[in-house]
Amino acid sequence: MDRKIRLISTDFDGTLVAHDSDPVLDPGCIELIGQLQRDGALWTINTGRSVELLESGLLDFEFPIRPDFILTSERDVFRPSHNGGKWEPFGDWNDRCAQAHAELFNSAQSVLTEIIDFVNRKTKARVIYLGPAAEGVVATSEEEMDRLTEFIDRAKANEPKFHYQRNTVYLRFCHADYHKGAALKELSRLTNIPHAAIFAAGDHHNDLSMLAGRYAAFPACPANAIAEVKEAVRRAGGCVAEKEFGAGVHEALRHFLD
């Protein structure tokens, strides 16, 4: 097996997991990732899910293989724990990320207040809270989310580090420097695997940062990816698969390996 791909970064929902299909996982894709792992490649799931939600997904969808690392909440980096737990922070990245977000949200309170007021008065969407802090928004449709992101882009004009990650009707507020691409770059540094040996696959807005060619030399997306993702992958010289979900990831991996 060709060893030029040493690190595989895949989104979870909508990329590996086809929720409305049977089977949910593409057997050929899972088999190939497992084979690459046995040949020495590393696999990370790069997702907007939290650690707990990702673990439940791996269990619910009966994944026969385990990732070597997980990148969660579109920002955090975890490795397998050595003390009997499942996952632990890899390096100090997660602490630095949390500190940067705390400082940003403290300085951007007026922006958050303006956004929350807009959501409550002008939309049918709802704000999601983590404790007392606003974490994101759930819209009632993609069209409503388009309206929301247009408003947020205007509201945050004077706070350049205030940003968001979007996936279908879900949006999470975040620091502009922390996203799936940045987390993948940190994992690349920690594992000493260069950009030239990294494959990345995703399907939605929150995957764009890892698919533009900056963090992975082999970007890809399945046929069910949104138009913006397909365009980014094409611009980066990547592979836009003809098949959907995991079958498309399998197709893209074979494309680069062959």
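In this text the structure is predicted, and so the values were computed from the model without any measurement. (Residues numbered from 1 in each chain as written. Predicted model: local features only at pLDDT ≥ 70, side-chain atom pairs only at ≥ 80, totals over all residues. Heavy atoms only, no water.)

Engineer: I'm lost on the overall build of the protein in this one. Help?
Structural biologist: Counting its secondary structure elements, the protein contains 9 helices and 12 strands. Seen through its principal axes, the protein has C-alpha atoms that stretch 55 × 40 × 35 Å. The buried share among the 258 residues of the protein stands at 53%. In the protein, the share of contacts with a sequence separation of at least 24, taken over all contacts with a separation of at least 6, comes to 55%. With an accessible surface of roughly 12000 Å², the protein has 48% of that area assigned to carbon and sulfur atoms. (Helix = DSSP H or I, 4+ residues; strand = E, 2+ residues; numbered from the N terminus. Buried < 20%, exposed > 50% of the residue type's maximum accessible area, 1.4 Å probe, protein only. Contact = heavy atoms within 4.5 Å. Areas by Shrake-Rupley, 256 points an atom, 1.4 Å probe, with all protein chains shown as cover.)

Engineer: Hey, could you run me through the packing of aromatic side chains in this one?
Structural biologist: The relation between two aromatic rings is expressed through the spacing of the ring centres and the mutual angle of the planes. Counted under the stated rule, the structure contains 10 aromatic pairs. Centre to centre, the rings of W93 and Y178 are 5.1 Å apart; their planes meet at 55 degrees, and the pair counts as tilted. In this pair, W93 is assigned in helix α3 (residues 93-107) and Y178 in the loop between β9 (170-175) and α6 (180-191), connecting sequence segments 85 residues apart. Overall, the relative accessible area of 11% leaves Y178 in the buried class. When the ring of F218 is compared with that of F256, the centres are 5.0 Å apart and the planes differ by 50 degrees; the resulting orientation is tilted. Taken together, the residues F218 in strand β11 (residues 218-221) and F256 in helix α9 (residues 245-257) connect sequence positions 38 residues apart. Exposure class is identical for F218 and F256. Each is buried. Each member of the aromatic cluster is reached from another via a ring pair, and the members are F12, W43, F61 and F63. (Phe/Tyr/Trp six-rings, centres within 6.5 Å; stacked < 30°, edge-to-face > 60°.)

Engineer: Would you mind showing me how to read the sheet that holds β11 here?
Structural biologist: Hydrogen bonding along the main chain pairs the strands of a sheet, whether they run parallel or antiparallel. Spatially, 8 strands are ordered β5-β4-β3-β2-β1-β10-β11-β12 in an open sheet, and the strand pairing comes out mixed. Both outer strands of the open sheet, β5 (87-89) and β12 (239-240), are each paired with one neighbouring strand and no more. Bridge count between β11 and β12: 2 bridges; the pairing is parallel. Following the sheet pairing, C221 is matched in β12 by V240. The sheet strands contacting helix α2 (residues 51-60) are β2 (42-46), β3 (69-72), β4 (76-80) and β5, and the helix crosses β3 at an angle near 125 degrees. The sheet strands contacting helix α8 (residues 227-235) are β11 and β12, and the helix crosses β11 at an angle near 155 degrees. (Pairing = 2+ DSSP bridges. Axes fitted to C-alpha atoms, helices over the stretch in contact; angles between N-to-C directions.)

Engineer: Can you help me understand the sheet that holds strand β8 (residues 162-167) in this one?
Structural biologist: The strand order β6-β7-β9-β8 describes an open sheet built from 4 strands, whose pairing is antiparallel. In this open sheet, the two strands that pair with only one neighbour each are β6 (126-130) and β8. Strand-to-strand, the axes of this sheet are offset by a mean angle of 35 degrees, without reference to chain direction. The pairing of strand β7 (residues 133-138) with β9 spans 3 bridges and is classified as antiparallel. Bridge pairing in β9 places V137 opposite L171.

Engineer: How should I be thinking about the side chain of E144 in this particular structure?
Structural biologist: Positionally, E144 belongs in helix α5 (residues 142-155). Beyond its immediate chain neighbours, meaning those up to four positions away, E144 contacts T123, K124, A125 and A139.

Engineer: I tried to follow the nonpolar core on my own but got confused; where do I start?
Structural biologist: One recurring pattern in soluble globular proteins is that nonpolar side chains are buried together. Of all hydrophobic cores here, the largest spans 32 residues; its most connected members are I5, L16, W43, F63, F199 and L253. For this core, the elements supplying multiple residues, two or more each, are α1 (27-38), β2, α2, β10 (198-201), β11 and α9. Contact partners of I5, with chain neighbours within four places excluded, come to A41, A197, F199, F218, L253, F256 and L257. Of all hydrophobic cores here, the second largest spans 26 residues; its members include V77, F90, I193 and V233. (Core = buried A, V, L, I, M, F, W, Y, C linked by side-chain atoms within 4.5 Å.)

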